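Observations on the model geometry
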Amino acid sequence: MATKDELNPKTTEYEFLGPVGAFLFVTALPLLVLFFSICCNATGYPSQSLFEDYKAYFSELLTVEMAKSLIDPIAIAIYLAFILILVIYSFALNGDVVPGTRLRNGKVLKYRMNGFRTFHNIFVFGGFLLYQYGSYEPLLFVYDHWVGIVVASILFSYLISLFVYLRSFKPDALLALGGNSGNALYDYMIGRELNPRIGDFDIKFFTELRPGLIGWVVLNVCFAVKQYHDLERITNSMGLVLFFHTFYVVDALWNEEACLTTMDVTTDGFGFMLAFGLYTWVPMLYTLQARYLVDFPRDMSYVELGLILALNFLGYFIFRSANSQKNAFRSDPESESVKHLKYLKTERGTKLIISSWWGMSRHINYLGDWLMALSWCLPCGFGSVVPYFYAIYFGILLIHRERRDDHQCRIKYGKDWDKYCSIVKARIIPGIY
Ligand code: NDP
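Residues numbered from 1 in each chain as written. Predicted model: local features only at pLDDT ≥ 70, side-chain atom pairs only at ≥ 80, totals over all residues. Heavy atoms only, no water.

Another point: the pattern of salt bridges. Here the structure, examined in full by the defined rule, presents 15 salt bridges. For the salt bridge of Glu15 with Arg404, the shortest nitrogen-to-oxygen distance reads 2.6 Å. Of this pair, Glu15 sits in the loop between α1 (4-7) and α2 (18-39) while Arg404 sits in helix α19 (residues 389-413), and the two are 389 residues apart along the sequence. Summarising the burial analysis for this pair, Glu15 and Arg404 share the class buried. With a closest N to O distance of 2.9 Å, Glu193 and Lys170 form a salt bridge. Of this pair, Glu193 sits in the loop between α10 (184-190) and β3 (197-198) while Lys170 sits in the loop between α9 (146-167) and α10, placing them 23 residues apart in sequence. Each of Arg362, Asp406, Arg410 and Asp418 takes part in one network of salt bridges that share partners. (Salt bridge = Lys/Arg side-chain N within 4 Å of Asp/Glu carboxyl O. Helix = DSSP H or I, 4+ residues; strand = E, 2+ residues; numbered from the N terminus. Buried < 20%, exposed > 50% of the residue type's maximum accessible area, 1.4 Å probe, protein only.)

With that settled, the discussion passes to the pairing of strand β1 (residues 96-102). The pairing of β1 with strand β2 (residues 108-113) spans five bridges and is antiparallel. Pairing of Val97 across the sheet is with Arg112, part of β2. Hairpin geometry of β1 and β2 is characterised by an intervening segment of five residues between the two adjacent antiparallel strands and by a positive phi of about 90° at Gly106. (Pairing = 2+ DSSP bridges.)

Attention now moves to the environment of Leu305. Examined against the element boundaries, Leu305 turns out to sit in helix α16 (residues 302-331). Judged by relative accessible area, Leu305 falls into the buried class, the value being 17%. The spatial distance from the C-alpha of Leu305 to the C-alpha of Phe169 is 53 Å, given a sequence separation of 136 residues. Sequence-distant contacts of Leu305, that is, excluding residues within four places in its chain, are made with Asn236, Leu240 and Met300. (Contact = heavy atoms within 4.5 Å.)

One can describe the packing of helix α11 (residues 203-231) onto helix α14 (residues 272-285) by two numbers: an axis separation of 8 Å at closest approach and a directional angle of 10°. Relative to α14, the element α11 lies roughly parallel. When the axes of α11 and α14 are compared, the crossing they make is right-handed. Residues Lys204, Phe206, Thr207, Glu208, Pro211, Gly212, Leu213, Gly215, Trp216 and Leu219 of α11 touch α14, and the partners they reach there are Leu274, Leu278, Tyr279, Val282, Pro283 and Met284. The residue makeup of the contact of α11 with α14, split by class, is eleven nonpolar, three polar and two charged. (Axes fitted to C-alpha atoms, helices over the stretch in contact; angles between N-to-C directions. Parallel < 35°, antiparallel > 145°, perpendicular 65-115°, else oblique. Left-handed = near helix turned anticlockwise from the far one by under 90°. Nonpolar A, V, L, I, M, F, W, Y, C, P; charged D, E, K, R; others polar.)

Next up on the list: empty space enclosed by the protein. What the rule picks out here adds up to one cavity of 30 Å³ or more. By volume, the largest cavity amounts to about 50 Å³. Around the largest cavity, the lining residues are Gly100, Thr101, Leu103, Leu109, Tyr111, Asn195, Leu260, Val265 and Thr266. Residue assignment for the lining of the largest cavity shows that the elements contributing at least two residues are β1, β2 and α13 (263-266). A class-by-class count of the residues in the lining of the largest cavity yields five nonpolar, four polar and no charged. (1 Å grid on protein atoms, 1.4 Å probe; cavity = no way out; pocket = protein on both sides within 12 Å on 5 of 7 lines; lining within 4 Å. Points joined across faces, edges and corners; volume = space filled by probe spheres on them.)

Around the ligand there are 25 residues in total, and Arg330, Tyr366, Asp369, Arg401 and Tyr413 lie nearest to it. Note that an oxygen atom of the ligand is positioned 3.1 Å from one of the side-chain N or O atoms of Lys326. Between a nitrogen atom of the ligand and a side-chain N or O atom of Tyr420, the distance comes to 2.9 Å. For the shell around the ligand, the secondary structure elements donating two or more residues are α16, β6 (351-353), α18 (364-377) and α19. Among the elements that make up the shell around the ligand, the one with the highest residue count is α19 (seven residues). Of the residues that constitute the shell around the ligand, the class distribution is 13 nonpolar, four polar and eight charged. Residues lining the shell around the ligand come from more than one domain, with at least three contributed by each of domain 1 (19-299) and domain 2 (301-433). (Near = heavy atom within 4 Å. Polar contact = N/O pair within 3.5 Å; in protein donor to acceptor, adjacent residues only side chain to side chain. Domains from an automatic or database assignment.)

Sequence positions flagged by UniProt for "transmembrane region" (unreviewed entry) are, in local numbering, residues 20-45, 74-93, 114-134, 146-166, 234-250, 270-288, 300-319 and 370-399. In residues 270-288, helix accounts for 79% and strand for 0%; the two terminal C-alpha atoms are 26 Å from one another. With 90% helix and 0% strand, the stretch residues 300-319 has end C-alpha atoms that lie 26 Å from each other. (UniProt positions renumbered as here; feature names shortened; annotations may be inferred.)

Pairs of aromatic rings are described using the distance from one ring centre to the other and the angle between the two planes. Taken as a whole, this structure holds 49 aromatic pairs when the rule is applied. Centre to centre, the rings of Phe116 and Trp254 are 5.0 Å apart; their planes meet at 90°, and the pair counts as edge-to-face. Here Phe116 is found in helix α7 (residues 115-133), whereas its partner Trp254 is found in helix α12 (residues 236-254), with 138 residues between them in sequence. Accessibility expressed as a relative area gives 24% for Phe116, which makes it partly exposed. On the accessibility criterion, Trp254 (61% relative accessible area) is exposed. Seen from the ring of Phe169, Arg192 lies directly overhead, with NZ or CZ sitting 3.8 Å from the centre. (Phe/Tyr/Trp six-rings, centres within 6.5 Å; stacked < 30°, edge-to-face > 60°. Lys NZ or Arg CZ within 6 Å of the ring centre and 35° of its normal.)

Let's shift gears to the domain arrangement of the chain. For the chain, the assigned domains read domain 1 (19-299) and domain 2 (301-433). Each of domain 1 and domain 2 has a C-alpha centre, and the two are 24 Å apart. The interface is formed by 33 residues belonging to domain 1 together with 31 residues belonging to domain 2. Summed over both sides, the interface between domain 1 and domain 2 buries roughly 2,900 Å², with carbon and sulfur atoms accounting for 64% of that surface. The largest share of the area that domain 1 buries against domain 2 comes from Phe244, Tyr248 and Met263, three residues that together contribute 22% of it. (Buried area = accessible area lost by both parts, 1.4 Å probe.)

Glancing now at a nonpolar patch on the surface. A grouping of Leu17, Val20, Phe23, Leu24 and Leu185 is seen on the molecular surface, where their side chains present a nonpolar patch of about 500 Å² in accessible area. When residues in the nonpolar patch are grouped by element, the largest group, three residues, is from α2. Examined against the element boundaries, Val20 turns out to sit in helix α2. Judged by its relative accessible area of 56%, Val20 is exposed. (Patch = residues over 30% accessible without salt bridge, like charges linked within 9 Å, V, L, I, M, F, W, Y side chains within 5 Å. Areas by Shrake-Rupley, 256 points an atom, 1.4 Å probe, with all protein chains shown as cover.)

In structure tokens form, the structure reads like this:
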């Protein structure tokens, strides 16, 4: 039997610039989200007065009163209530119980797939409450208290990461190979324990698709309601953004099982990086386009609408087919849909696909994902670069993520990975990158 040190070896290599990067991560990124929430409003993205005289703008902004107003008790209560409802649903709703990948300690954890049920129950329950109340007006709270909601999510991200970091010191914890450096700040940021659980409640799996993705659609709906409240109608650009985002979220929740084979679940520990990403970054920044369209409503021509739709579905087709193909192949390489695929058998025992989608580039799924990201920004027009933040940042994230995965796979597969790279040469875009 492996000793504790053999099972949880020390992490000897840092990622993300080590402790310096971790410090920047836990300070600069929350500030960036705050910047977007405070400094973007109906006068401009960013606000017009910031361009006119940034010194005066910041000296007016950075006051004690302003700092106090960031803490909005009602927004905090609503945010916590939302997370609590998601937790209750994760226990209360049925769903297939699916095994995850085998862990280093030989264990296989089980996960209940009820994300999609949670999603539609939230809307049915919310719709019922609003119907009883007799008005959509409670939803306007989100736009009016936006900064308070953003701050609540940031505080929650810090606290949940601290909780899992402290719990990771319990004797039987299985640590992430990359999260056991001994540097507290770095391990806190990158995630120390691989699968923190309270009883059967898997914190990482819960966080992966629910608060971020379901929260994102809920917030989008609140912004659409605000636009309706202001204009007495919904513009086609708002409709399209809502449709794209909801489609992406429903698809991810419908295929919830697929997340069990992603790097987040199989490799990364649960720390501030994932917590902040999914409690704050995704819901608070991915809703930028819907929020922008409240402040700057616009309608698109039918040609524009058709082209953007086509770009989105091209991206989706690549993204979904490639991910499903890998999933189907990994679950059963002999199944009808994937048995024709060529593959490379590795010494590690697993097979790497080298034809079809996975023969075009080593992460063709990332290309599809990015094309979708771009199509979500285009309905906002070209009045500001801020609604394009998602496509810009996501491009950088995917390039970096591909490098990380490449590095991990080189460690996992050794010479087999070099051979695979010599067969499938492109990283993301066939023939280009
Ligand atoms: P992948 O789904 O591409 O998984 C990478 C892993 O798959 C590798 O570590 C390797 O693991 C296995 N693999 C790699 N090449 C092959 C091959 N040729 N044949 C079989 N298995 C292979 O990456 P991610 O987990 O990063 O991403 C999953 C999806 O999530 C992507 O579509 C991505 O775009 C999306 N995503 C979205 C984000 C967002 O914010 N919207 C953020 C990040 C990702 P092993 O061999 O050990 O099984």
